[in-house]
Each structure stands twice: as structure tokens, then as C-alpha cells.
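Architecture at a glance
Residue strings, one per chain:
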Amino acid sequence: MRNQQNGRRDDDTDEPRTDDSGFLRTFCNGDRTATDPQSSLGDGVIFDVLRNDRRRAALRVLQPDTEVTVSLLAEQVAAWENDTTPDALRERQRKRVYVSLHQSHLPKMDDLGIVEFDREAATVSLGSAGDDVLRYVDGEADGTRAWYRYYAAIALTGAALLAAQVTLLPSASSAPITVAVLIAVGACTALYWACDSS
């Protein structure tokens, strides 16, 4: 599936490549790495489920207290994957997503209680553990990194330092402050990119 932010594409059932380094994973996940005592699933299980783009897309379609057919679910997921509308999909695109959802992803999430998957009726709805997982989908969990805050903090700190320098040392060069701000912005951008790519 095409990752909405960086254009990556995952195979039907393969997990995307991730950087499992301790600091990066902890930082990128923010406060979400702490175990939620009210969660019936551990964070490790939740993150394992959400590592796959197709499962995340399927969960985005599902709404609380709403049942959908696997066909409609597959159609919407396939449309997102192919950057098109459900009406413009080719049958092969629909079928490929339908088969992987029906045979792999939905049974896995059903076993964990994230969805309720009725194979005979070919319908799916959120399960008892669905809320535990949904709060992480699309960065909605508490503790999601709000990158604009980091950039704003760098900008405000740089402006304050520049103002202090102009006021207190008007003849001094502003080059060190400019270099420091540029390094901070560069480091923040690299970290943002690393988190987005992981």
C-alpha cells in the first residue's frame, strides 16, 4: 500500500521496514510507549498490528457501532492504496485487497478482539479492543509528537537570543546565533524525517 506521507508501498502481508532502535522508537512514539493500564492489549501487540499499512487503512474505515461488508471495506482500502476513487478501481485491484483482508488481516485482528469478523456473512465491525487501537491510528493517541511545537520553540528561542544579542551586545556578530538556529532546525527536521520513515 502507498504510505500517505512518504510514498512507500507495502506488500500484501509483509510488514514495512522499521527502525527498531531504542531511542528513536521511544522518541517517535512519544508517550504512547507507556502502557495504558486500561488497555486490554499491550503496546507491543498494538504496534505490531499497526505496522502494516493495509491494517491501518482498514481500521480508518471502521466506525464505532457500525458494521460494513468486507467488499466495501476492501474497496475503500484499495482506492486509498491506488490513489483513486472506489468507482475508478479495476477489479484486480479490488480483489487483491479483498483476498488479503479476508484471509490474513481481518482474521488476525479478529483473534485479538480488535474487530469482529463474520466470515460467513463477510461483514466486519470494531471489536471490544478496537478503541485501544483506534486511538493510535492517524496519530490520534495522546502523546503523539506535535512537531510544529518543536519548530515553534526553535524559532522563538532563536528570536529571543537575537533580540537579547542586539539589545545587550549590539556590536557582536549574530552569526553564532544564526548557525545555532540552523543546526537546531536541521536536527529537528532529520529527526522528523527519521520518525516519519520508521
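Above this text sits the structure in question.
The rules behind these values
- Residues numbered from 1 in each chain as written.
- Predicted model: local features only at pLDDT ≥ 70, side-chain atom pairs only at ≥ 80, totals over all residues.
- Heavy atoms only, no water.
- Helix = DSSP H or I, 4+ residues; strand = E, 2+ residues; numbered from the N terminus.
- Expected span 1.5 Å × (residues − 1).
- Buried < 20%, exposed > 50% of the residue type's maximum accessible area, 1.4 Å probe, protein only.
- Contact = heavy atoms within 4.5 Å.
- Core = buried A, V, L, I, M, F, W, Y, C linked by side-chain atoms within 4.5 Å.
- Salt bridge = Lys/Arg side-chain N within 4 Å of Asp/Glu carboxyl O.
- Polar contact = N/O pair within 3.5 Å; in protein donor to acceptor, adjacent residues only side chain to side chain.

Turning our attention to helix 4 (residues 70-81). In this model, helix 4 (12 residues) spans 16 Å end to end at C-alpha, consistent with the 16 Å of a helix rising 1.5 Å per residue. For helix 4, the full list of buried residues reads Val 70, Leu 73, Ala 74, Val 77, Ala 78, Ala 79 and Glu 81. Of the surrounding elements, those touching the buried residues of helix 4 are helix 3 (53-61), strand 1 (67-69), helix 5 (91-111), strand 2 (115-118) and strand 3 (123-126).

As a rule of thumb, nonpolar side chains are buried together in soluble globular proteins. In terms of nonpolar packing, the biggest core is built from 33 residues, with Leu 59, Leu 62, Leu 73, Leu 106, Ile 114 and Val 115 touching the most fellow members. Elements with a contribution of two residues or more to this core: helix 2 (43-50), helix 3, helix 4, helix 5, strand 2, strand 3 and helix 6 (130-134). When near neighbours in sequence (up to four residues on either side) are disregarded, Ile 114 contacts Leu 41, Val 49, Leu 59, Met 109, Leu 126, Gly 127, Ala 129, Gly 130 and Val 133.

For the rest of this paragraph, the subject is unusual backbone geometry. The general pattern is negative phi for most residues beyond glycine and trans for most peptide bonds. Its identity as a non-glycine residue notwithstanding, Asp 65 has a phi of 60°, on the positive side. Checked against the element boundaries, Asp 65 lands in the loop between helix 3 and strand 1. Residue Asp 65 is classed as exposed on the basis of its relative accessible area of 85%. In this structure, Asp 83 takes a positive phi of about 50° despite not being glycine. By the secondary structure assignment, Asp 83 is in the loop between helix 4 and helix 5.

All right, on to the pattern of salt bridges then. Pairing is possible between side chains of opposite charge, provided their charged atoms come close. Tallied over the entire structure, the rule returns seven salt bridges. Between Glu 81 and Arg 96 there is a salt bridge, and its shortest N-O distance comes to 3.7 Å. Placement of Glu 81 in helix 4 and of Arg 96 in helix 5 is noted, with a sequence separation of 15 residues between them. Owing to a relative accessible area of 0%, Glu 81 belongs among the buried residues under this scheme.

Counting through the fold element by element, Val 133 comes out in helix 6. Using a relative accessible area of 0% as the deciding quantity, one classes Val 133 as buried. When the C-alpha atoms of Val 133 and Asp 43 are compared, they prove to be 9.1 Å apart, with 90 residues separating the residues in sequence. Beyond its immediate sequence surroundings of up to four residues, Val 133 is in contact with Leu 41, Ile 46, Leu 50, Leu 59 and Ile 114.

For the rest of this paragraph, the subject is the side chain of Arg 55. Its place among the elements puts Arg 55 in helix 3. Within polar-contact distance, the side chain of Arg 55 engages the backbone oxygen of Val 49 at 2.8 Å.

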